[in-house]
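# Fold and contact review
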Amino acid sequence: MTKSDRETFHKAVKLIENAKTVDVFTHLHADGDAVGSAFGIAYILTDLGKKVKIFLEEDPGDKFRYLMDPEIECHITGDDVLPYENEKPDLAIVTDCATRDRVKKRYEICERAGKIIKIDHHMQDDNFGDVNVVREDWSAVCEGIFLLSKMLGYDFKKAPHGKKAAIALYTGILTDSGRFGYSNTTSFTHKAASELLKITGDMSDTVRNLFSIKPFSKVKIYGIAFSRAELLCDGKFAFSYVTGDEMKETGATFQEIDGISSELCEIEGVELSALAKPSSKDPKKWGLSLRSYKYCDVAAIAMKYGGGGHARAAGFDYEGTTEEIKELLIGELKKY
Ligand SMILES: [Mn+2]
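Rules of the game
- Residues numbered from 1 in each chain as written.
- Predicted model: local features only at pLDDT ≥ 70, side-chain atom pairs only at ≥ 80, totals over all residues.
- Helix = DSSP H or I, 4+ residues; strand = E, 2+ residues; numbered from the N terminus.
- Rg over C-alpha atoms; globule rule 2.2 N^0.38 Å.
- Buried ≥ 20, exposed ≤ 12 C-beta atoms within 10 Å, placed from the backbone.
- Contact = placed C-beta atoms within 7 Å.
- Pairing = 2+ DSSP bridges.
- Domains from an automatic or database assignment.
- Nonpolar A, V, L, I, M, F, W, Y, C, P; charged D, E, K, R; others polar.
- Axes fitted to C-alpha atoms, helices over the stretch in contact; angles between N-to-C directions.

## Overview of the overall build of the protein
From N to C terminus, the protein includes 13 helices and 12 strands. Here the C-alpha atoms of the protein give a radius of gyration of 20 Å, agreeing with the 20 Å that 2.2 N^0.38 yields for 336 residues. Once the C-alpha set of the protein is aligned to its principal axes, its extents read approximately 55 × 40 × 40 Å. Buried positions account for 44% of the 336 residues belonging to the protein. At a minimum sequence separation of 6, the contacts of the protein that also span at least 24 residues come to 66%.

Here you go:
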């Protein structure tokens, strides 16, 4: 940790110590790292005597139900934040959100907080927090929460929710590092996971539930996407799409189609993959999910078109035909 990192952490610790009420936010379509980091910090702060509430955009689904606990107040708001117009916490903590629009309408609650801490691991300069704890070399924001827990003097072994907190943080690391398989996995990723695993105990059932068990709707939508997949650009670019109608017919959710682009990127010889699906923000647009293997910076491509993400996984929305999307991405890939 550099000196300036340490100073930033100290500022965050000060804000936390001074707060009695803390609201926690994470991004819409919350993944393992989002739900894990939100509940992880919520358990830790509850044990440290804070009054904590979590505000989620949507229900995180049965897959992540084990991270939740009736003792942690959790509000699923969607766009309807009006019931919370008197909500004014001492502190808001926003995890895994590069930009404030990832919090959507809930940002209105956030803004009323006395202070905001942003804790994240994405490239972006929307530093909306009073303190912004951002490190791009964390595989998961849960690595950052783990560090923060150390600085808060949190004892996972002794704290009432220590095991729950460890399971939540381990989940975030496990999912965002691709089970320690992505290039964002560092020795610190393993170190944090190793310490957490001492507390969590056997995680094999959780791993099976997270990565292997799937609903039939997912098999069907993968079938559609795979059967029409195309290899372009001398086999370096894999492209496919699914429509809103197909999602309806199969019953597949956005969460369920999340992994298709990654699978396409694992085709032999492929450097860049893209799955076009309906945009979650604007049904007239496609939501592009990009993955790359080694050298194509998909975050740079996505940012050019108003999106964002990581070098190996990013996305953006686009209005046009699939032919146009293919042309556009072939053009980008050819620059490498
Ligand atoms: Mn993350």
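## Brief notes about the sheet that holds strand E8 (residues 237-241)
Spatial strand order, E7-E8-E9-E10-E12-E11: 6 strands in an open sheet with mixed pairing. Pairing within the sheet leaves two strands with one partner each, and these edge strands are strand E7 (230-232) and strand E11 (308-309). Two elements, strand E9 (residues 272-278) and strand E10 (residues 286-292), share 7 bridges in a ladder whose sense is antiparallel. Bridging across to E10, Pro-278 finds its partner in Trp-286.

## Remarks on the domain arrangement of the protein
Split by domain assignment, the protein resolves into domain 1 (3-211) and domain 2 (216-334). For domain 1 and domain 2, the distance between their C-alpha centres works out to 28 Å. Counting from both sides, the interface comprises 9 residues of domain 1 and, opposite them, 8 residues of domain 2. Here the side of domain 1 that touches domain 2 is composed, by residue class, of 3 nonpolar, 6 polar and no charged.

## Concerning the environment of Leu-67
By secondary structure assignment, the location of Leu-67 is in the loop between strand E2 (51-56) and strand E3 (73-76). With 110 residues separating them along the chain, Leu-67 and Ser-177 place their C-alpha atoms 18 Å apart. With sequence-adjacent residues up to four places away left out, Leu-67 is seen in contact with Val-35, Gly-36, Phe-39, Ile-167, Ala-168 and Thr-171.

## Regarding the environment of Leu-48
In this structure, Leu-48 sits in the loop between helix H2 (32-47) and E2. The class for Leu-48 is partly exposed, based on 16 C-beta atoms found within 10 Å. It is 9.7 Å that separates the C-alpha atoms of Leu-48 and Ile-16, two residues lying 32 residues apart in sequence. Not counting residues up to four positions away in its chain, the partners in contact with Leu-48 are Leu-152 and Tyr-154.

## Here's the deal with the sheet that holds strand E1 (residues 21-26)
The strand order across the open sheet formed by 6 strands is E3-E2-E1-E4-E5-E6, and the pairing between neighbours is parallel. The sheet is open, and its two edges are formed by E3 and strand E6 (131-134), each paired on a single side. On average, each strand axis in the sheet is inclined to that of its neighbour by 20°, with strand direction left out of account. In this sheet, strand E5 (residues 115-120) lies alongside strand E4 (residues 91-95) in parallel orientation, the contact comprising 5 bridges. Bridged to Ala-92 within E5 is Ile-116. Set on the sheet, helix H1 (residues 3-18) makes contact with E4, E5 and E6; between it and E6 the angle comes to about 125°. Set on the sheet, helix H4 (residues 141-151) makes contact with E4, E5 and E6; between it and E5 the angle comes to about 125°.

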